[in-house]
Amino acid sequence: MNSSRPLLTIGIVLVLLVILVLLVVRASKKNKSATLPSDTAAIEMIDAGLADVQQVHVELLESFPLQARAVVNGMISACDASLSEPMVSYSDLDKSFTIILGTEQPVGTDNQADCEAHMFTELIPLEITGFAAGEYGVAVNGVISSFVLDIDNEVGFELDKG
């Protein structure tokens, strides 16, 4: 019997719980106002659901310490909808990021049948400073990807005194 199977099950349950909590938090912040330039009035925005994520991959940026970002591609189909601020969480237990990416639209606009869907690409920074070498997961609205750190991503270093 594989001893890592119970840990994987616990990890999946924790990821699902994090998603549920993030959705509840998102629902509690459902109505908000977006401020436009001073010559126009504020437009009230409402939640238009989750973005239709079709692909996720992680880019590791060559810097010190190493930086990472999730590159998310998908479709927005609601009229006048735009992406809302992504909600990012990290679980040490299963070494994975969970990202909720929603959409929002102005109050009074409906998801009309004559609207055309449009593609989006969103770059979402992932905080990986201090992470040990290993494989890490990323899930955006249920679409899963992973990345590998070949070495520890530590900020400090010690000079060899020998």
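Preceding block: the structure.
Okay, so let's go over this structure. These figures come from a predicted structure and were not determined experimentally. (Residues numbered from 1 in each chain as written. Predicted model: local features only at pLDDT ≥ 70, side-chain atom pairs only at ≥ 80, totals over all residues. Heavy atoms only, no water.)

1. Examining unusual backbone geometry
As a reminder of what qualifies: Helix and strand definitions follow DSSP, with helices as H or I runs of at least four residues and strands as E runs of at least two, each counted in order from the N terminus.
The peptide bond linking Phe64 to Pro65 adopts the cis configuration, its omega dihedral lying at 0°. Mapped onto the fold, Pro65 is located in the loop between strand 3 (52-61) and strand 4 (67-76). For Asn141, which is not a glycine, the phi torsion comes out positive at approximately 50°. You can see Asn141 is positioned in the loop between strand 10 (134-140) and strand 11 (143-149).

2. Some details on the pairing of strand 11
The condition that has to hold: Here the rule is simple: two strands pair whenever DSSP picks up at least two bridges between them.
In the sheet, strand 10 pairs with strand 11 via 7 bridges, with the strands oriented antiparallel. Of the residues in strand 11, the one forming a bridge with Gly137 is Ser146. Linkage of strand 10 to strand 11, two consecutive antiparallel strands, is achieved through a turn of 2 residues, within which Asn141 is found at a positive phi near 50°.

3. Some remarks on the sheet that holds strand 7 (residues 96-100)
Basically, it comes down to this: Simply put, an axis is a line fit to the C-alpha atoms, just over the touching stretch for a helix, and the angle between two N-to-C directions goes from 0 to 180 degrees.
Taken in spatial order, the 4 strands line up as 6-7-10-11 in an open sheet, and their pairing is mixed. In this open sheet, the two edge strands, each paired with only one partner strand, are strand 6 (87-91) and strand 11. Averaged over all pairs of adjacent strands, the angle between their axes in this sheet comes to 20°, without regard to strand direction. Pairing of strand 6 with strand 7 involves 5 bridges; the strand directions are antiparallel. Across the sheet, residue Ser89 finds its bridge partner in strand 7, namely Thr98.

4. Brief notes about the sheet that holds strand 3
Ordered by their spatial adjacency, 3 strands build an open sheet running 3-4-9, and the pairing between neighbours is antiparallel. A strand with exactly one partner marks an edge of an open sheet, and here the two such strands are strand 3 and strand 9 (118-126). Across the sheet, the mean angle from the axis of one strand to that of its neighbour is 20°, orientation sign disregarded. As judged from the 9 bridges shared by strand 3 and strand 4, these two strands associate in the antiparallel manner.

5. So, the environment of Val56
We count it as follows: The buried label applies to any residue whose accessible area, calculated with a 1.4 Å probe on protein chains only, is under 20% of its type's maximum; exposed applies above 50%, and partly exposed to all values in between.
Note that Val56 resides in strand 3. Residue classification places Val56 among the buried residues on the basis of a relative accessible area of 8%. A C-alpha to C-alpha distance of 8.1 Å links Val56 and Val138, two positions 82 residues apart in sequence.

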